[in-house]
Structures are given as structure tokens and as C-alpha cells.
Amino acid sequence: MAIASDRPPTDGAAQAAAGTPAAPASPSSTVDRGPLDAHALRAEFPILGTTAHGKPLVYLDSAATSQKPLAVIEAMDTYYREYNANVHRGIYQIGERATAGYEAARASVARFINAPSPREIVFTRNATEAINLVAASWGRKNIGRGDAIILTEMEHHANLVPWQILVQERDADLEFIPITDDGILRLDVFEVLLRLKPKLVAFTHVSNTLGTINPVAEMTALAHAAGALVLVDGAQAVPHVPVDVAAIGADFYVFSGHKMLGPTGSGALWGRRELLDAMPPYMAGGEMIREVHLRRSEFNEVPWKFEAGTPDIAAAIGFGAAAEYLMALGMGRVQAHEHELIVYAMDALRREFPNLDLYGPPADARGGVIPFNVPGVHPHDVAQVLDRSGVAVRAGHHCTMPLHERLDLVATARASFNVYSTREDVDQLIVGLREVYRLFA
Ligand code: PMP
């Protein structure tokens, strides 16, 4: 017997076309196609007008999570005020509007990464859940005794621990592409490792700790030539560089909405349709089924097969609004703005503090992240002094303990940028660091 309330949703793209349009990008985003005006943009991020310890907030922890523009906050607010209802269920006006808004968001996210179809986008809570989904579903089905999976030494724990658990369970093997001291992947060693005929190669697009932008299309082509599938962790790429999954050619691409101006609780897995179709469900329950009988069930089509239970509808709608907002800005302009800022910051830091330890590749190979240490001062102390100046940076291992071990570091401080970051933010970081040197050095 079919369960009426769990009717399989109709085609997402069709719903999107018929339904609620994606939230419009804010006007200041769309007018000027010259270089990005981050100063004008900041007015659209309410939190950037607040203070910390009585000083204007200087937010340099965007790699942990980004701040949110009004376009995102208001899209979610409108959902809760005007059409809060569950999706794919209600045969009434606001239920249909909620479904259309949710599926329109999926279409926006698909367009943002140039996915061939919204049906290939699975909404998750974050990048971590997307990787766990692939490890548990594709991994359990396809990884057996003695199989090899290749990762890199610079992976976030989210793209390491799920694979550790899988290979322990399956008696399979992990191998790692090493890095140079500057944090660049050793592709010569990768080519040697590929002789092991791995089943999967999984690597980050942009390092969350060093900022290294990896040559993902080249690496994907090498892995495919060796017969491996490829998963790319795009959590730190989608906020900063144009991403085209069709051009990269990988099999899975995962990312978080909350690092690309969207709300927490939003993330996505993009996967090739034929792979997603062949994968067993990850979680089971309502929404992911077509028919349920007491002793057996038939599953829904992708992507809904992987979205058991009531999803975070507001987060998905905010995620779609963030994708539309960034597309209206133009990711090429976002990348150019952040690159200019990285060059400015690295030059200024080197000039002001000649003995400051800066890690990672040259500015040209780097996304919006600068890890550093003040010699002889623990990064937690550095972050605490900076905080008193209103400057928020992260200190610790940034969920890359093996990378820190490889570089012989206990911890680092990390300044990270996003589209709303400015030279004035960097100048305030330098003012705060002068205070660190005055107190400790
Ligand atoms: N991968 C990378 C490269 C990351 O930077 C992060 C977040 N720091 C993640 C994965 C995990 O993202 P989330 O916490 O949103 O799941």
C-alpha cells in the first residue's frame, strides 16, 4: 500500500520552473560589472555593522563560516512568515509554495556549480554529511578487501575520518598524496600511487588551512585514466572561485552552504546521476520511499532517495538565495577581489613583521586563507589579543591535525577572507598584531 503523505515528489526542475522564483540578488550586486565594490556590499551584511569589545567587528574567520547577506536572511524570514509548510506533501497553497521554493533552491545550487541537472543535487546539512553519505552508501557497496582509496595529506578531517572508518570496516587501504613544504600536492607521487589502481581518489579543491588551490581537473583526469572515481571536497572552493563540475569532470563534488553566504544547516552533494541511481539509501524513513509494505519498501528517485525525513527547508531556501546572490555578483569578480586582498595582506604582513611565520603557497596558488604564527607566541594568545582589538581569527589545528603534523606545527592562527573583506580589515589585523608583538615579543 502506498503511503499518501509520502508521495514521490514530482520533477524538481519542473517545480522550480512553475514555482516560487529564487530570491532576487540585492540591487547593488547587479549594477556594476567592474571590479567588485566590497565596501558597498558590506551594507548588505548586517553583522558587519556591529562591534566586538567596543571596536568595529573585523571578521576574518570566513573559512569557518561566512556572514550572511540580507538576501539570504530575508529569503528564510519570508519562508517562515509567509509559506512555512512541509514539502512534497501538502495539497494546499502554502505547501505547494514551500515545495516550489525548496526545489527552486535546488535548481539555483545546481546552476551555481553548472551541474547538468538539479536531480543530481542532494541537499545535506553540510559538506561533512555529504562525504559521509558517499562513504557509507557508495563506499560500502563498492569498497572491498584490499581496495585502495587515495587521499592527500592536506585533507580536512571531514574528508579523512569517514574513509578511515570505511577502510577499517572493509579491510581496505588508504594512501596519501604528499605535499611540499609550501603546501603544494606532489603530483609526481600521485602518478606513482595511481599504479595501485585505486577505486576512489578524494581530495580537497582548496585547502582550508593553507589556501592551496589544487589542480582538480588535471587530478581528476589522471585518476580516471587509472580507473578510479573522484570525489572533490569543494567546501573552501565554492565561496571563492568559479566552480564548474562539468568542466572538472569529477564524479562527486561536495560543499557547504554556510561557507558561501548561506545558512548553517545547508550543504550539498553533487553526484553523477548514474552513480546516485545505483547507490543504496543512506538514511531511511519518510520522503525517501515510493512504496512501503510491512516487510519491504521501494525507494524514491534521486535526489529524494537520499533526503529521508523533513529536510531543513528554510536552510535550503537560504542556500538557494546565496547561490543566486553569488551568481549575480559573478564568481570571477569575487575571485579577483579576494586575490587582490591576499596579495595586499601577504605583502603587508611580510613588510610589517619580518619574522612572522607565514605558511602555504604563493598568493597566486592560494584561495582566501592566510595561516601564520608569531614566533614564540601560542596562536591562542595571538587570537585572544586580536579579539580585544575586535579582530576575529581562528587559532588551532583547523580540523587538519595530520597536515599540522606534516608541517611540524602544533597549531596556527588563520585569517580568512570572503567577498565582503576589505583592505581595512587587513589593516586592523596589522594593528592587532602590533599589539601582540608589543605584549609578547
Ligand atoms: N572540508 C573542508 C575543506 C572544510 O574547510 C570544511 C569546514 N571547515 C569541511 C570540509 C567541513 O564542512 P562542514 O563543517 O560544513 O561540514
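Since the model is a prediction, treat every value here as computed from it, not as a measurement.

S.K.: Which parts of the structure should I look at to understand helix α16 (residues 423-440)?
M.R.: In an α-helix there are 3.6 residues to a turn, and that puts residues three or four apart on one side. Taking 1.5 Å as the rise per residue, α16 with 18 residues should run 26 Å; its terminal C-alpha atoms sit 26 Å apart, in good agreement. Among the residues making up α16, those that are buried are D425, V426, L429, I430, G432, L433, V436 and Y437.

S.K.: Any chance you could explain the pairing of strand β7 (residues 200-204) here in plain terms?
M.R.: Remember that side chains alternate between the two faces of the sheet whenever the strand is regular. Of all five residues in β7, five are buried, a share of seventy percent or more. Neither face of β7 is exposed, since L200, A202 and T204 on one face and V201 and F203 on the opposite face are all buried. In the sheet, strand β5 (residues 148-152) pairs with β7 via two bridges, with the strands oriented parallel. Each residue of the ladder has a partner; that of I149, found in β7, is L200. Where β7 meets strand β8 (residues 229-233), five bridges bridge the pair, whose relative direction is parallel. Directly across from V201, in β8, lies its bridge partner V230. Following the backbone out of β7, through helix α9 (residues 216-225) and into the adjacent parallel β8, one traces a crossover that is right-handed.

S.K.: Looking at this structure, I do not really get the environment of L187. What am I missing?
M.R.: By the secondary structure assignment, L187 is in helix α8 (residues 187-193). Taking the C-alpha atoms as reference points, L187 and I177, separated by 10 residues in sequence, lie 7.6 Å from one another.

S.K.: Looking at this model, I keep getting lost on the packing of aromatic side chains. Mind explaining?
M.R.: Given two aromatic rings, one states the distance between the centres and the angle between the planes to describe the pair. Here the structure, examined in full by the defined rule, presents nine aromatic pairs. For the ring pair F255 and F319, a centre distance of 6.0 Å and an interplane angle of 70° mean the geometry is edge-to-face. With a gap of 64 residues between them, F255 in strand β9 (residues 252-256) and F319 in helix α12 (residues 313-329) connect regions that are remote in the sequence. For F255, a relative accessible area of 0% corresponds to the buried category. Residue F319 is classed as buried on the basis of its relative accessible area, which comes to 0%. Grouping aromatic residues by their ring pairs yields a cluster made of Y102, F123, Y253, F255 and F319.

S.K.: How should helix α7 (residues 161-170) be read in this particular structure?
M.R.: Every buried residue belonging to α7 is among P162, W163, L166 and V167, and all of these are buried. For α7, the arc enclosing every buried residue in end-on projection is 125°, short of the 170-degree limit, so these residues lie on one face. Away from its buried face, by an angle of more than 90 degrees, α7 presents the exposed residues I165 and Q168. Phi for D171, located one or two positions after α7, is positive at around 60°.

S.K.: I'm lost on the packing of helix α6 (residues 127-142) against α7 in this one. Help?
M.R.: For any two helices packed against each other, one specifies the crossing angle of their axes together with the interaxial distance. Taken N-terminus to C-terminus, the directions of α6 and α7 make an angle of 20°; their axes are 9 Å apart at the nearest point. Taken together, the axis directions place α6 and α7 in an arrangement best described as roughly parallel. Between α6 and α7 the crossing geometry is right-handed. Residues I131, N132, V134, A135, G139 and R140 of α6 form the contact with α7, whose participating residues are P162, W163, L166, E169 and R170. Looking at the contact of α6 with α7, its residues break down into six nonpolar, two polar and three charged.

Criteria and thresholds
Residues numbered from 1 in each chain as written. Predicted model: local features only at pLDDT ≥ 70, side-chain atom pairs only at ≥ 80, totals over all residues. Heavy atoms only, no water. Helix = DSSP H or I, 4+ residues; strand = E, 2+ residues; numbered from the N terminus. Expected span 1.5 Å × (residues − 1). Buried < 20%, exposed > 50% of the residue type's maximum accessible area, 1.4 Å probe, protein only. Pairing = 2+ DSSP bridges. Right-handed = clockwise from strand over helix to strand, strands pointing away. Phe/Tyr/Trp six-rings, centres within 6.5 Å; stacked < 30°, edge-to-face > 60°. Arc of directions from axis to C-beta. Axes fitted to C-alpha atoms, helices over the stretch in contact; angles between N-to-C directions. Parallel < 35°, antiparallel > 145°, perpendicular 65-115°, else oblique. Left-handed = near helix turned anticlockwise from the far one by under 90°. Contact = heavy atoms within 4.5 Å. Nonpolar A, V, L, I, M, F, W, Y, C, P; charged D, E, K, R; others polar.

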